[in-house]
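So the chains spell out like this:
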Amino acid sequence: MKIHAQALLFDNDGTLVSSLASVDRCWSRWAGEHGIAPEEFARVELHGRPAVEIIADLLPADRIPGALARIEQLEVEDVPGGVTLLPGTLELLSALPRDRWAVVTSATRPLAEARLREAGIDAPVVVAADDITRGKPDPEPYLLAAARLGAEPSACVVFEDAPAGLAAGRAAGMTTVALTTTHDRSQLTADAVVPDLSAVSAQATADGVELTAEGALSV
């Protein structure tokens, strides 16, 4: 399967890197500190959502600022040794012109930059939770990334592992490629599905990037 794009927009955790074990450790500790029962915490979707929205599902508004600062502290402190590159990440990113890709993450900027630095990824553009007013599945984060790269949304390709992120890409009018790194294929709605980024190769062109997704399954 071949796709031409002006720009490529990547989610971070679950797409470029994996820090799921760290996320589980930190949020479980955070929930315990804030007196949230395990069964109540288990009902909340963590993956692919800004921390402030997760916290708002669990705590009253007056406790959100302090709780947000605490989870950011826990996660940043847990970054060393808690982040691993996913297959194909560096190979694909190294083939891309620097003005043709961005990272779009639900993490705060300090956490996003710490995880990228730990993984050895030098992203030219990062859109983080601090930059937007509405997180995924709202299209705002991806539309902002496209604008910063000077690309038309309809000519962008979004790489995501989470349903919320894929919904954001679709709402932005972008082509979506799902990775089955954290969710079963049955949970992912996208234009194409691949196991991970090792199935994707890229060739720079005069006006963008030509992508080849080996064995991609169209949905």
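This one's a predicted model, so the numbers in the text were calculated from it and none came from an experiment. Starting afresh in each chain, residues are numbered from 1 along the sequence in its written order. Note on the predicted model: pLDDT of at least 70 is required for a residue's local features to be given, and 80 or more for side-chain atom pairs to be given and counted; whole-chain, interface and lining totals, by contrast, use all residues. To get the side-chain values, all heavy atoms of the structure are used, and hydrogens and water are removed first.

K.L.:
Explain the environment of leucine 144 to me, and be specific about the residues and the numbers.
P.N.:
Within the secondary structure, leucine 144 sits in helix α7 (residues 140-149). Only protein chains enter the accessibility calculation, which uses a 1.4 Å probe; a residue whose area is less than 20% of its type maximum is buried, one above 50% is exposed, and one in between is partly exposed. You can call leucine 144 partly exposed: its relative accessible area is 23%. It is 11 Å that separates the C-alpha atoms of leucine 144 and threonine 133, two residues lying 11 residues apart in sequence. Two residues form a contact once any of their heavy atoms are found within 4.5 Å. Once you skip the residues sitting within four places of it in the chain, leucine 144 turns out to touch Val127, Asp131 and Ile132. Helix and strand assignments follow DSSP, with helices taken as H or I runs no shorter than four residues and strands as E runs no shorter than two, numbered in order from the N terminus.

K.L.:
Please provide a residue-by-residue account of the pattern of salt bridges, values included.
P.N.:
By convention in these notes, a salt bridge is any Lys or Arg side-chain nitrogen within 4 Å of a carboxyl oxygen on Asp or Glu. All told, the structure shown has 12 salt bridges when counted by the stated rule. Of the charged contacts in the structure, one is a salt bridge between aspartate 78 and arginine 25, with a shortest N-O distance of 2.6 Å. Placement of aspartate 78 in the loop between α4 (64-77) and β4 (84-85) and of arginine 25 in helix α1 (residues 20-33) is noted, with a sequence separation of 53 residues between them. For arginine 25, a relative accessible area of 45% corresponds to the partly exposed category. A single network of salt bridges, built from pairs that share partners, joins Arg109, Glu113, Asp131 and Arg148.

K.L.:
Provide a residue-level description of the pairing of strand β2 (residues 7-10), including the pertinent values.
P.N.:
On β2, burial covers both faces: Ala7 and Leu9 on one face and Leu8 and Phe10 on the other are all buried. In this scheme, strands are said to pair when DSSP sees at least two bridges between them. Relative to strand β7 (residues 156-160), β2 runs parallel, the two sharing four bridges. Paired with leucine 9 across the two strands is valine 158, which belongs to β7. Judged from the three bridges that link them, β2 and strand β5 (residues 101-104) form a sheet pairing that is parallel. Of the residues in β5, the one forming a bridge with phenylalanine 10 is valine 103.

K.L.:
Give a detailed account of the packing of aromatic side chains, specifying residues and quantitative values.
P.N.:
The geometry of an aromatic ring pair is captured by the separation of the ring centres together with the interplanar angle, meaning the angle of the planes. Pairing of aromatic side chains requires ring centres within 6.5 Å, counting the rings of Phe and Tyr and the six-membered ring of Trp. Pairs whose planes differ by under 30 degrees are stacked, by over 60 edge-to-face, and all others tilted. Throughout the structure, instances matching the rule amount to three aromatic pairs. Here the aromatic rings of phenylalanine 10 and phenylalanine 159 are separated by 4.9 Å at their centres, their planes lie at 15°, and the arrangement is stacked. Here the residue phenylalanine 10 occupies a position in strand β2, and phenylalanine 159 occupies one in strand β7, the gap between them amounting to 149 residues. In this pair, the class of phenylalanine 10 matches that of phenylalanine 159, namely buried. With centroids separated by 5.1 Å and ring planes inclined at 65°, the aromatic side chains of tryptophan 27 and tryptophan 30 adopt a geometry described as edge-to-face. You can see tryptophan 27 and its partner tryptophan 30 sitting in helix α1, three residues apart, about one turn around the helix. Across the pair, exposure class does not vary: tryptophan 27 and tryptophan 30 are buried alike. Here the aromatic cluster, defined as three or more aromatic residues joined through ring pairs, consists of Phe10, Trp101 and Phe159.

K.L.:
Describe the environment of valine 23, naming the residues involved and giving the relevant values.
P.N.:
Checked against the element boundaries, valine 23 lands in helix α1. Separated by 48 residues in sequence, valine 23 and isoleucine 71 place their C-alpha atoms 9.7 Å apart. Leaving out residues up to four positions away in the same chain, valine 23 has contacts with Asp13, Leu46, Glu75 and Arg115.

K.L.:
Before we move on, can you summarise the pairing of strand β10 (residues 200-205) with the specific residues and values?
P.N.:
Inspection of the sheet shows β10 paired to strand β11 (residues 208-213) by six bridges, in the antiparallel sense. Looking at β11, one finds that threonine 205 is bridged to glycine 208. Hairpin remark: β10 followed by β11, antiparallel, with two residues in the connecting loop.

K.L.:
Explain the packing of α4 against helix α6 (residues 109-119) residue by residue, including any values.
P.N.:
Axes, fitted as lines to C-alpha atoms, cover a helix only where it is in contact. Angles between the N-to-C directions of the axes lie from 0 to 180 degrees. Orientation of α4 relative to α6, taken along the N-to-C sense of each, is 10°, at an axis distance of 9 Å. With respect to α6, the element α4 is oriented roughly parallel. Facing Glu72, Glu75 and Val76 of α4, the residues of α6 in contact are Pro110, Leu111 and Arg115. Three residue categories are used. Nonpolar comprises Ala, Val, Leu, Ile, Met, Phe, Trp, Tyr, Cys and Pro, charged comprises Asp, Glu, Lys and Arg, and polar comprises the others, including Gly. Of the residues contributing to the contact of α4 with α6, the split by class is three nonpolar, no polar and three charged. By the definition adopted for this analysis, an angle is roughly parallel if under 35 degrees, roughly antiparallel if over 145, roughly perpendicular if from 65 to 115, and oblique otherwise.

K.L.:
Report on the side chain of serine 19, specifying residues and quantitative values.
P.N.:
As for its placement among the helices and strands, serine 19 is situated in the loop between β3 (17-18) and α1. A relative accessible area of 1% means that serine 19 is categorised as buried. Pairing of N or O atoms within 3.5 Å defines a polar contact, subject to two protein rules: one partner must be a possible hydrogen donor and the other a possible acceptor, and residues neighboring in sequence count only if both atoms are side-chain atoms. Of the polar contacts made by the side chain of serine 19, one reaches the side chain of arginine 115; its length is 3.5 Å. The contacts of serine 19, once residues within four sequence positions are left out, are Asp13, Gly82, Val83 and Arg115.

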